[in-house]
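Chain residues, written in single-letter form:
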Amino acid sequence: MSEELEDKNAQESAEEEKEELSMTQVSQEQIISVSNLNVSFGDLQVLKAVSLGIETKRITVIMGPSGCGKSTFIRTINRMNDQVSDFKVSGDVLFNGVDVYSKDVDPALLRLKIGMVFQKPNPFPMSIYDNVAFGPKIHKMFSSKDDLDNIVRTSLERAALWDEVSGRLKENALKLSGGQQQRLCIARALAVKPEVILMDEPASSLDPGSTSKIEELMVSLKDSYTVVLVSHDMRQAARVANRVAFLYKGQLVEVGTTAQVFENPTNKLTEEYIQGRLV
Ligand SMILES: Nc1ncnc2c1ncn2[C@@H]1O[C@H](COP(=O)(O)OP(=O)(O)O)[C@@H](O)[C@H]1O
Ligand SMILES: [Mg+2]
């Protein structure tokens, strides 16, 4: 990670601690509120009574060992599990106060507002331009060709990819490197103007250079978006998170600011996980 990023985050943590001290009564606004969430696939209960608020314009990292339910948790937020035949959900997932599982909610529209970036970059086999323009075209979110060009450009700029691709927008996206493909997928998610971006271990298949670019990008995104990041990399969590939630065997063990969870965990399991003694 760059020194700049470290400085920025250190400064922000200090500010947040101050904020926390002065806000004993008033809590930070929560864009997503999950309460008593239970999720099963057939007979296997994967999430057990999970309650967690996601704060607006912050990076919340969900960490925990493989198989503990991290991906299931974020996929439940934007209804990505709906297609799984034996998926069962109970409890509440509120997005801006609206129950995302209510009959009135269209999952496709929900996913515009709560976008997702996967572990393995998955650009569509089409040009760089068309990948980013895809969502705005399908959902008729532009008024003219100039407007669409502008959406593509600003999305690529926000995803820190514009400088590398501005001269080759018509090239097939599959020619990009893995790290570039992942930033393209982030640009594609941004093009439909989401409020929340869910990222499921977005850097785990990338080299260290690309990883630090993605981390810097995540930190810059939180000025405008809420980011929920799944990571089993504790150093990554410590570098980018404002808040950390620790999931273990489908249960939320602990949630708090990054400093609190890493330096002063309240639960023995969290402490063991952080020390690498829990797998
Ligand atoms: N579509 C599915 N059908 C059946 N079981 C699943 C499905 N998705 C995940 N699981 C199971 O749910 C548990 C949690 O998985 P997952 O959420 O992917 O964990 P993590 O992301 O923390 O590694 C695992 O036991 C996994 O096998
Ligand atoms: Mg996972």
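In what follows, the structure referred to is the one given above.
Note that the structure is a prediction, hence the values are computed from the model and not measured.

1. Regarding the packing of helix H4 (residues 128-138) against helix H5 (residues 145-158)
- The interhelical angle for the contact between H4 and H5, taken along N-to-C directions, is 115 degrees, at an axis separation of 9 Å. As summarised for this structure, H4 and H5 are arranged roughly perpendicular, according to the angle between their axes. Considering the relative orientation of H4 and H5, their crossing is right-handed. Between H4 and H5, the contacting residues are Tyr-129, Val-132, Ala-133 and Pro-136 on the first element and Leu-148, Ile-151, Val-152, Ser-155 and Leu-156 on the second.
- Its residues assigned to classes, the contact of H4 with H5 comprises eight nonpolar, one polar and no charged.

2. Digging into the sheet that holds strand E4 (residues 87-95)
- What the four strands build is an open sheet, ordered E2-E1-E4-E5; its pairing is antiparallel. Whereas interior strands pair on both sides, the edge strands pair on one side only; in this sheet they are strand E2 (44-55) and strand E5 (98-99).
- Of the strand pairs in this sheet, E4 and E5 are connected by two bridges, and their pairing is antiparallel. Bridging across to E5, Leu-94 finds its partner in Asp-99.

3. A few points about the site of ligand 1
- Around ligand 1 lies a shell formed by Phe-41, Leu-44, Val-46, Gly-64, Ser-66, Gly-67, Cys-68, Gly-69, Lys-70, Ser-71, Thr-72 and Val-84.
- Elements with a contribution of two residues or more to the shell around ligand 1: E2 and helix H2 (70-77).
- Of the residues forming the shell around ligand 1, the biggest block, three residues, is contributed by H2.
- Residues belonging to the shell around ligand 1 are distributed by class as follows: five nonpolar, six polar and one charged.

4. Examining unusual backbone geometry
- Backbone geometry places Ala-49, a non-glycine residue, at a positive phi of 50 degrees.
- On the secondary structure map, Ala-49 appears in strand E2.
- One non-glycine residue with positive phi stands out, namely Glu-201, at about 45 degrees.
- Structurally, Glu-201 is set in the loop between strand E7 (196-200) and helix H8 (208-221).

5. Here we look at H2
- Within H2, seven of the eight residues are buried, leaving the element largely enclosed by the surrounding structure.
- Taken together, the buried positions of H2 are Lys-70, Ser-71, Thr-72, Phe-73, Ile-74, Thr-76 and Ile-77.
- Positive phi shows up at Arg-79, right after H2, with a value of about 60 degrees.

6. Thoughts on the packing of helix H7 (residues 178-190) against H8
- Running from amino to carboxyl end, H7 crosses H8 at an angle of 20 degrees, the nearest separation of the two axes being 9 Å. Classified by the angle between their axes, H7 and H8 sit roughly parallel to one another. For the element pair H7 and H8, the recorded crossing hand is right-handed. Each of Gly-178, Gly-179, Gln-182, Arg-183 and Ile-186 in H7 lies in contact with H8, whose residues at this interface are Ser-210, Lys-213, Ile-214 and Leu-217.
- In terms of residue class, the contact of H7 with H8 is built from three nonpolar, four polar and two charged.

7. Overview of the pairing of strand E6 (residues 114-117)
- Going residue by residue along E6, you find Ile-114 and Met-116 tucked away on one face and Gly-115 and Val-117 tucked away on the opposite face as well.
- Where E6 lies against E7, four bridges are found, and the strand directions are parallel. Across the sheet, the residue bridging to Ile-114 is Val-196, located in E7.

8. Structural notes on the environment of Tyr-101
- Structurally, Tyr-101 is set in the loop between E5 and helix H3 (107-113).
- Excluding anything up to four places from it in sequence, Tyr-101 contacts Val-89 and Val-93.

Rules used throughout
- Residues numbered from 1 in each chain as written.
- Chains lettered and ligands numbered in written order.
- Predicted model: local features only at pLDDT ≥ 70, side-chain atom pairs only at ≥ 80, totals over all residues.
- Axes fitted to C-alpha atoms, helices over the stretch in contact; angles between N-to-C directions.
- Helix = DSSP H or I, 4+ residues; strand = E, 2+ residues; numbered from the N terminus.
- Parallel < 35°, antiparallel > 145°, perpendicular 65-115°, else oblique.
- Left-handed = near helix turned anticlockwise from the far one by under 90°.
- Contact = placed C-beta atoms within 7 Å.
- Nonpolar A, V, L, I, M, F, W, Y, C, P; charged D, E, K, R; others polar.
- Pairing = 2+ DSSP bridges.
- Near = placed C-beta within 6 Å.
- Buried ≥ 20, exposed ≤ 12 C-beta atoms within 10 Å, placed from the backbone.

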